[in-house]
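Chain and residue survey
Residue strings, one per chain:
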Amino acid sequence: APEIGKGGVRRQTTISRILFIRYQAGSALETVPLSAAECGFHLMQHLANAQNLPGYGLPWVTRLAQRVLAFQVSYAQPSDLIRWLRDLLARCG
């Protein structure tokens, strides 16, 4: 396995997009922008340790959901998903 070189590990990063990706056989690529509320709802569903966090994690989820672009993405062909991701990165930086 390759070793992680100097600078390969970040102590902090900025999140700008959250994608909720779902494989769906036989379907066309579907991308739906989510509101902050919808993003927060999806994030809370995946917060496994909510009971151990102040406010059950809701304050952090709320701040994050208000600061990012979020999408619900369904795909069948990986090439379609990759093409869309490249386009998203090109448009949004």
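Residues numbered from 1 in each chain as written. Predicted model: local features only at pLDDT ≥ 70, side-chain atom pairs only at ≥ 80, totals over all residues. Heavy atoms only, no water.

For the chain, mean pLDDT is 89; residues scoring 70 or higher make up 90% of the total. Highest mean pLDDT in the chain belongs to strand β2 (residues 30-34) (97); lowest belongs to helix α3 (residues 78-92) (91). (pLDDT = per-residue confidence, 0-100. Helix = DSSP H or I, 4+ residues; strand = E, 2+ residues; numbered from the N terminus.)

Turning next to the side chain of R17. Here R17 is to be found in strand β1 (residues 17-23). Buried and without a salt bridge, R17 has D87 as its closest oppositely charged side chain, separated by 10 Å. (Buried < 20%, exposed > 50% of the residue type's maximum accessible area, 1.4 Å probe, protein only. Lys, Arg positive; Asp, Glu negative; His and termini not counted. Salt bridge = Lys/Arg side-chain N within 4 Å of Asp/Glu carboxyl O.)

Counting nine residues, the largest nonpolar core consists of I18, F20, L34, C39, L43, V61, A65, V68 and A70. Put simply, the parts of the chain that give this core at least two residues each are β1, α1 (36-45) and α2 (58-67). Leave out the neighbours within four places in its chain, and F20 touches L34, C39, H42, L43, H46, F71, Q72 and V73. (Core = buried A, V, L, I, M, F, W, Y, C linked by side-chain atoms within 4.5 Å. Contact = heavy atoms within 4.5 Å.)

A word on the packing of α1 against α2. Viewed as axis vectors pointing N to C, α1 and α2 meet at an angle of 135°, and their least axial separation amounts to 8 Å. With respect to each other, α1 and α2 are oriented oblique. Note that α1 runs across α2; the crossing there is right-handed. Every residue of α2 that contacts α1 at A36, C39, G40, L43 and M44 is listed here: L58, V61, L64, A65 and Q66. Class assignment of the residues belonging to the contact of α1 with α2 gives a composition of eight nonpolar, two polar and no charged. (Axes fitted to C-alpha atoms, helices over the stretch in contact; angles between N-to-C directions. Parallel < 35°, antiparallel > 145°, perpendicular 65-115°, else oblique. Left-handed = near helix turned anticlockwise from the far one by under 90°. Nonpolar A, V, L, I, M, F, W, Y, C, P; charged D, E, K, R; others polar.)

Let's shift gears to unusual backbone geometry. Phi at Y56 is positive, roughly 55°, even though this residue is not glycine. With respect to the helices and strands, Y56 occurs in the loop between α1 and α2. On the basis of relative accessible area, Y56 is assigned to the exposed category, the value being 55%.

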